[in-house]
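A look at the structure
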Amino acid sequence: MKRTVNARFAIKSWDEKAYSEVQGLPKLTRATVSKTFSGDIEGDSQVEYLMMYRSDGSASFVGLERVVGRLNGKSGSFVLQRIGTFEGGQAKESYSVVSGSGTGELRTLRGEGTSSVGHGSEHPFTLTYELE
């Protein structure tokens, strides 16, 4: 049976560096980001994003994020695969739990979600999931 959890996350740190910056080509960067979750998901995460910036400031990105904590009272960890775009001040992305990445009481976790967030200190997070 699928369930949906609602949480919020705050970004604790964002360290982004260019790894390919060539005149006339899109800039490529890597960002290491730490977050704290509250609500139906409680815990911390770290995500590695790879991003490509266009000349107009918009971007496309992919990322892997390990979340460690509790989901609806069950403890463990899992990894989210993220893919999205940044345009007009909004990051729009979809994410899914990587198969086989769950540990502890979350070892059989499967799930997915989407989000659209702007700049700010806290952001909503929703995950529709199943635990076998």
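A few points on the structure. (Residues numbered from 1 in each chain as written. Predicted model: local features only at pLDDT ≥ 70, side-chain atom pairs only at ≥ 80, totals over all residues. Heavy atoms only, no water.)

Glancing now at the pairing of strand S6 (residues 90–97). Taken residue by residue, a regular strand's side chains alternate between the two faces of the sheet. Side chains Ala91, Glu93, Tyr95 and Val97 project from S6 onto a buried face, and the interleaved Gln90, Lys92, Ser94 and Ser96 project onto a face without burial. Joining the antiparallel neighbours strand S5 (residues 74–87) and S6 is a turn of two residues, in which Gly88 adopts a positive phi near 60°. Here S6 runs beside strand S7 (residues 110–117); their pairing, made up of six bridges, is antiparallel. Bridging from a neighbouring strand, Tyr95 pairs with Gly113 of S7. (Buried < 20%, exposed > 50% of the residue type's maximum accessible area, 1.4 Å probe, protein only. Helix = DSSP H or I, 4+ residues; strand = E, 2+ residues; numbered from the N terminus. Pairing = 2+ DSSP bridges.)

Scanning the entire structure with this criterion turns up 10 salt bridges. For Lys12, the salt bridge goes to Asp44, with nearest N and O atoms at 3.5 Å. Separated by 32 residues along the polypeptide, Lys12 in strand S1 (residues 3–20) and Asp44 in strand S3 (residues 41–53) bring together distant segments of the chain. Taking the shortest distance from any N to any O, the salt bridge between Arg110 and Glu132 comes out at 3.1 Å. Taken as a pair, Arg110 in strand S7 and Glu132 in the segment after strand S8 (122–130) lie far apart in primary sequence, 22 residues in all. The class for Arg110 is partly exposed, based on a relative accessible area of 41%. The structure contains a network of salt bridges with shared partners spanning Lys35, Glu65, Arg82 and Glu93. (Salt bridge = Lys/Arg side-chain N within 4 Å of Asp/Glu carboxyl O.)

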